[in-house]
Every structure is written in structure tokens, then in C-alpha cells.
Amino acid sequence: MKKKIAIFASGTGSNARKIIEYFQDHPDISVGLVVSNNPTAGVLDIARDHHLPAIVINRQEFREGTQLSDELKQHHIDFIVLAGFLWLIPAWLVKQYEQRMVNIHPSLLPKFGGKGMYGMHVHEAVCQAGERETGITIHYVNEQYDDGNIVFQTKCIVEPDDTPHTVAKKVQQLEHRYFPEVIEQLMLNNISQYHLSLPKNNLFPLL
Ligand code: GRF
């Protein structure tokens, strides 16, 4: 039986789309469920177009978790991918999917992470700080925003005439290029326990 991913997303879902497409004909992995907290999120249209089951959760249910936990079981979900999901993950879910849940963040964490640091806020802060480079971070999820152990980072240059919008485009290209492959490597256990247990900021260059 294939290993199954649940994608959690709150918005457009461009990363979700790339992940769904990447695993469409994969021999060992498939996307089995899309979860959103936002009934008007674009990611729900993407799920529908790909004939994938999708659910919308409310905040109280998410905190308590009974229904979501059942859904994850019913769909045999092995691995959770947060792709632009804006709610903090509750303790029960962190525990249930320890080392089996990753998030992508559009900066080089620990820089420009934490509560409120999402979407254009991140790229505006990067430009305002006069950073010469930025990038993406893929990390395991714990009970704090953008704080779990990092498994992958890659960079792009910020030119003096870049704007938050042009930076966002560069970063999005990196996300689309690397996120599905990093998920695949993690799910197929191509990263050893040794690397997984490295302390934060001790990066493992996958590719
Ligand atoms: C991405 O930039 C991701 O890094 C962040 O949220 C954004 C989601 O974009 N966590 P999309 O909905 O996948 O287009």
C-alpha cells in the first residue's frame, strides 16, 4: 500500500498543486487528503480538480481533534505537509505525527519566522532589513510557529532593486522546485536518523 500524505493549506495552494502533481503517478506515495481551515481557500478547488477528498475544519474542532483524528485514520495518512497553513498545530497532532509532519517557510529560518510572519510580511521584512539573500526552510513541526528541527534550506540572492514582490517570486520558484522532492526523500527514509537527530540549524543539504 502506498504511503499517504495529507496537505494542510489555508490559501491559494500553489505548493499543494505542485505536490499533488509530483506524486500523481508515484509508485510509493500519494496524496490522500487535503485539509483547510478556510472554506474559500483555492486549495479546495485544486483538491476538487484532482478528485481528492478535502475537509474544512473549524478552530474548536482543530484544538480538540476528535473528528480530524478520525479523518486522518480513515484516510490512512502517514505524513502531514503544511503548505501555507496558518493555524498553530495543537499538541495532540504534533504528538501523533512526530517526525512525520513538515512545514515550509519562505525565509531562511530562524530569520523572519514566528507568529504573524507569513506571506508578503516575510518578504517585506527581508527587503526592509536589507538582506542580501533569502530562501526557503523545510522543518519538522512542533508546538511553536516555525520552530521545529530544520531538514532543508536553500537560498536565492536579493538584489538591491528587488521588491517584496520580486523576492516572493524567487522564493516561490524554490518552493515549487524543492518541496515535493524533500517530502519524497523524508517519506522514503532517505535521510538517516543521524541526520534527523542533528540539532537545529545543523543543515542537511539534500540535493
Ligand atoms: C508559501 O510561501 C509557504 O512558504 C508559506 O505559505 C505560502 C503558501 O503559498 N508557508 P501557496 O498557497 O502554496 O501558494
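All values reported here derive from a predicted model rather than from experimental measurement. (Residues numbered from 1 in each chain as written. Predicted model: local features only at pLDDT ≥ 70, side-chain atom pairs only at ≥ 80, totals over all residues. Heavy atoms only, no water.)

**Student:** What should I look at first to understand the site of the ligand in this one?
**Tutor:** The immediate surroundings of the ligand are formed by Thr12, Gly13, Ser14, Asn15, Gly84, Ile104, His105, Pro106 and Glu175. The separation between an oxygen atom of the ligand and a polar main-chain atom of glycine 13 is 2.7 Å. At 2.8 Å, a backbone N or O of asparagine 15 approaches an oxygen atom of the ligand. Burial of the ligand by the protein amounts to 81% of the accessible area it has alone, namely 370 Å². More than half of the atoms of the ligand fall within 2 Å of the grid points belonging to the largest pocket. Its residues assigned to classes, the shell around the ligand comprises two nonpolar, six polar and one charged. (Near = heavy atom within 4 Å. Polar contact = N/O pair within 3.5 Å; in protein donor to acceptor, adjacent residues only side chain to side chain. Areas by Shrake-Rupley, 256 points an atom, 1.4 Å probe, with all protein chains shown as cover. 1 Å grid on protein atoms, 1.4 Å probe; cavity = no way out; pocket = protein on both sides within 12 Å on 5 of 7 lines; lining within 4 Å. Sits in = over half its atoms within 2 Å of the grid points. Nonpolar A, V, L, I, M, F, W, Y, C, P; charged D, E, K, R; others polar.)

**Student:** What exactly am I supposed to notice about the layout of surface pockets here?
**Tutor:** Using a probe with the size of a water molecule, rolled over the atoms, empty space left in the structure can be pinpointed. Considering only enclosed or pocket space, the largest pocket measures out at about 850 Å³ in volume. Elements supplying a minimum of two residues to the lining of the largest pocket: helix H1 (14-22), strand E5 (101-105), helix H6 (120-128) and helix H7 (164-187). Among the residues making up the lining of the largest pocket, the classes are represented as 16 nonpolar, 17 polar and four charged. (Points joined across faces, edges and corners; volume = space filled by probe spheres on them. Helix = DSSP H or I, 4+ residues; strand = E, 2+ residues; numbered from the N terminus.)

**Student:** Which parts of the structure should I look at to understand the nonpolar core?
**Tutor:** Nonpolar side chains tend toward joint burial in soluble globular proteins. One finds Ile5, Ile19, Phe179 and Ile183 to be the most contacted residues of the largest nonpolar core, which totals 41 residues. The leading source of residues in this core is H7, at nine residues. The residues touching phenylalanine 179, leaving out its near neighbours within four places in the chain, are Asn15, Ile19, Val81, Leu82, Ala83, Val102, Asn103, Ile104, Ile138 and Leu174. Judged by nonpolar contacts, the second largest core, of 21 residues, contains Leu33, Ile77, Trp87 and Leu93. (Core = buried A, V, L, I, M, F, W, Y, C linked by side-chain atoms within 4.5 Å. Buried < 20%, exposed > 50% of the residue type's maximum accessible area, 1.4 Å probe, protein only. Contact = heavy atoms within 4.5 Å.)

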